[in-house]
Amino acid sequence: MAEIAIEYAAGDRLRSEAETARRLIDAYLGDRPDVDRVTLSPSGESVFCVSVEGDRIWCTDPREWIDAMKAVTAARRRLSEVS
């Protein structure tokens, strides 16, 4: 089963964005049998990325608006490639 991880540059705004992305990924992909869990982790890097099984599949500039639906789409695409 796949683990989806959201990595974000430490900071209050990005933590909130990461939680929104986690909720959306859970809502759209959480009932799939191939998804184990979705985790959040702060990073020392200036990043906002989503990984599936340790491979970064989607990153965006954390200084810009973060479109969490793009993260969902990227995760869905990767899961379809590995299943």
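For the structure, check the block above.
Residues numbered from 1 in each chain as written. Predicted model: local features only at pLDDT ≥ 70, side-chain atom pairs only at ≥ 80, totals over all residues. Heavy atoms only, no water.

Here we look at the packing of aromatic side chains
1) Next: Under the definition given, this model contains one aromatic pair.
2) Next: On the basis of an interplanar angle of 85° and a centroid distance of 6.3 Å, the ring pair of Phe48 and Trp58 is categorised as edge-to-face. Here Phe48 is found in strand E3 (residues 48-52), whereas its partner Trp58 is found in strand E4 (residues 55-60), with ten residues between them in sequence.
3) Next: The exposure class of Phe48 is buried, given its relative accessible area of 0%. (Phe/Tyr/Trp six-rings, centres within 6.5 Å; stacked < 30°, edge-to-face > 60°. Helix = DSSP H or I, 4+ residues; strand = E, 2+ residues; numbered from the N terminus. Buried < 20%, exposed > 50% of the residue type's maximum accessible area, 1.4 Å probe, protein only.)

A closer look at the pairing of strand E2 (residues 35-43)
1) Next: Pairing analysis gives eight bridges linking strand E1 (residues 2-9) to E2, with the strands arranged parallel. Looking at E2, one finds that Glu3 is bridged to Arg37.
2) Next: At this point the chain moves from E1, through helix H1 (residues 12-29), to the parallel E2, and the crossover so formed is right-handed. (Pairing = 2+ DSSP bridges. Right-handed = clockwise from strand over helix to strand, strands pointing away.)

Some details on the nonpolar core
1) Next: In this structure, Ile4, Ile6, Ile25 and Phe48 are the most contacted members of the largest nonpolar core, which totals 23 residues.
2) Next: In terms of residue count, helix H2 (residues 68-82) provides more of this core than any other element does, six residues in total.
3) Next: Ignoring sequence-local partners within four residues, the contact set of Ile25 consists of Ile4, Ile6, Gly30, Val38, Val50, Ala71 and Val72. (Core = buried A, V, L, I, M, F, W, Y, C linked by side-chain atoms within 4.5 Å. Contact = heavy atoms within 4.5 Å.)

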